[in-house]
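Secondary and tertiary structure notes
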Amino acid sequence: MAKISLSMIAKEAKVSIASVSRVLRTPNLTSPQTQFLVYQAMKALNVDLSKNLKDYQPVHESNKILVVDNQLISKSLINFGIEQVLHEAGFQLFYLQFPYNAKNDLYYLIQYIKQNCFIGIIIINQAPYLTQLYSYKNSLPPIVFVNHFKKNFTCVHFDHLTIGYQTTQHLIEQGHNKIAIFINSDKNTNSSFFLQGYQQAFQRINMPIDSDYVIQGCLTYEHGRDAIKTLLQSNKPPTAVIFEDLSSLSCYDCYHTQNYLSNYRSLFGALHQVKKSQSQLLHPLAITYISHTNDLQYNELDQLSRVNKPLYKMGCKSAQLLCDLLKQNMTSLSQCHTIDTEMFFTN
């Protein structure tokens, strides 16, 4: 393909060559309408935008932070932690849930960031477009990734492999060798690590892993209820169950998010079925779940073993890291920060 020149972009956008240059080099000096026309033209011509943007320069009069929230269940404790720290530091927050369908849709996100002169970005949870962001790293303000690992960027995350391993290992030490695990999806990175931890705990004691005990994509009350019913009515019912939480799920993982307004919907479905099947159980079913707070729930969850993921602490940590990056006038550093969990097991 022939190299696309500024004049070709200007012709496609119906603006001057100088306007194209300003959009790419000093976007804060151009109007939103001009930026829109230029980015649309570049998208139509299939121009590699990452190779045409000027390296990021701080906009000192701006105090605007962009939070790209990809969570399935928005306004979590992560958000409250982020907002607490950034508001105290005097920053202005803007939330965005970015509708992404095709590779070139990333142009809209870059345009939005440039047009509004954001000086820092926080991205919560995974999204399909994140693999492309590395090529834009030098032309974007500092970025902190939250609740997932992102190579070559500053990120704050949980070690889901260790969480899955330690939870399973504890149940094995309690005498359980028939342990079912409910995970969100093998396509979700954190869920995959969580499952690997579960598998490693059994591999360490040379026990085979029963695939019937691995329940995928259990997100709703009905699914949790039906899955437990099937397990308990089988000829090898589990003696313990582990439930992953939904905090790592992205809005790109599911449609109809109104069905997943609670992190514990599938767990409550399972508890409902356990109560109905109580008379069939030779021993009480041990249930362990991932929680997000030490506070009492004032329901059946208070009686269960749990692994607490301090999401609020994660939000605070990520916001503080961004503040530190901004104080040093630096773009993202390649630093990985792991948030420790707290385990509360009942005997």
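Presented here is a report on the structure given in the accompanying data block. What you see as residue numbers is a count from 1 along each chain, following the sequence as written. The predicted nature of this model means local features are confined to residues of pLDDT at least 70 and side-chain atom pairs, given and counted, to a pLDDT of 80 or more, with totals for whole chains, interfaces and linings taken over all residues. To get the side-chain values, all heavy atoms of the structure are used, and hydrogens and water are removed first.

Note that Lys178 resides in the loop between α6 (160-173) and β6 (179-183). For the pair formed by Lys178 and Thr293, sequence separation is 115 residues and the distance between their alpha carbons is 28 Å. Among residues more than four places away in sequence, those in contact with Lys178 are Tyr213, Pro237, Pro238, Thr239 and Ala240. Numbered from the N terminus, helices here are DSSP runs of H or I no shorter than four residues, and strands are runs of E no shorter than two. The contact criterion used throughout is that any non-hydrogen atoms of two residues lie within 4.5 Å.

It is worth spelling out the packing of aromatic side chains at this point. How two aromatic rings sit relative to each other is given by the distance of their centres and the angle of their planes. Side-chain rings of Phe, Tyr and Trp (the six-membered ring for Trp) are treated as a pair once their centres are within 6.5 Å; stacked means planes under 30 degrees apart, edge-to-face means over 60, and tilted covers the remaining angles. Under the defined criterion, the tally for this structure stands at eleven aromatic pairs. Relative to Phe153, the ring of Phe145 lies with its centre 4.8 Å away and its plane at 70 degrees, an arrangement referred to as edge-to-face. When a residue's accessible area, from a 1.4 Å probe over protein chains only, is under 20% of the maximum for its type it is buried; when over 50% it is exposed; and in between it is partly exposed. The class for Phe145 is buried, based on a relative accessible area of 0%. Taking 4.3 Å as the distance between ring centres and 20 degrees as the angle between the ring planes, the aromatic pair formed by Phe182 and Phe243 counts as stacked. Here Phe243 lies in strand β8 (residues 240-243) and Phe182 lies in strand β6, a separation of 61 residues in the sequence. For the pair Phe182 and Phe243, one class covers both residues: buried. Ring pairing ties together the aromatic residues Phe98, Tyr100, Tyr129 and Tyr252, which thus form one cluster.

Attention now goes to a nonpolar patch on the surface. A contiguous nonpolar surface patch, about 260 Å² in accessible area, is contributed by Leu77, Phe80 and Tyr312. In this fold, Phe80 is placed in helix α4 (residues 77-88). The patch calculation keeps residues exceeding 30% relative accessible area without a salt bridge and links them within 9 Å when they carry like charges or within 5 Å when they are nonpolar (Val, Leu, Ile, Met, Phe, Trp, Tyr). Per-residue and other accessible areas follow the Shrake-Rupley method at a 1.4 Å probe size, with only the shown protein chains counted as cover for residues. We define a salt bridge as a side-chain nitrogen of Lys or Arg found within 4 Å of a carboxyl oxygen belonging to Asp or Glu.

The full count for this structure, using the stated rule, is eight salt bridges. For the salt bridge of Asp105 with Lys43, the shortest nitrogen-to-oxygen distance reads 3.3 Å. Highlighted residues: Asp105 in the loop between β2 (92-96) and α5 (106-116) and Lys43 in helix α3 (residues 32-44), separated in sequence by 62 residues. Owing to a relative accessible area of 23%, Lys43 belongs among the partly exposed residues under this scheme. As a salt-bridge pair, Lys236 and Asp210 come within 2.7 Å of each other at their nearest N and O atoms. Here Lys236 is found in the loop between α8 (221-233) and β8, whereas its partner Asp210 is found in the loop between α7 (189-204) and β7 (214-216), with 26 residues between them in sequence. The exposure class assigned to Lys236 is partly exposed, which follows from its relative accessible area of 25%. On the basis of relative accessibility, which here comes to 21%, the residue Asp210 falls in the partly exposed class. Through salt bridges that share partners, Asp210, Asp212 and Lys236 make up one connected network.

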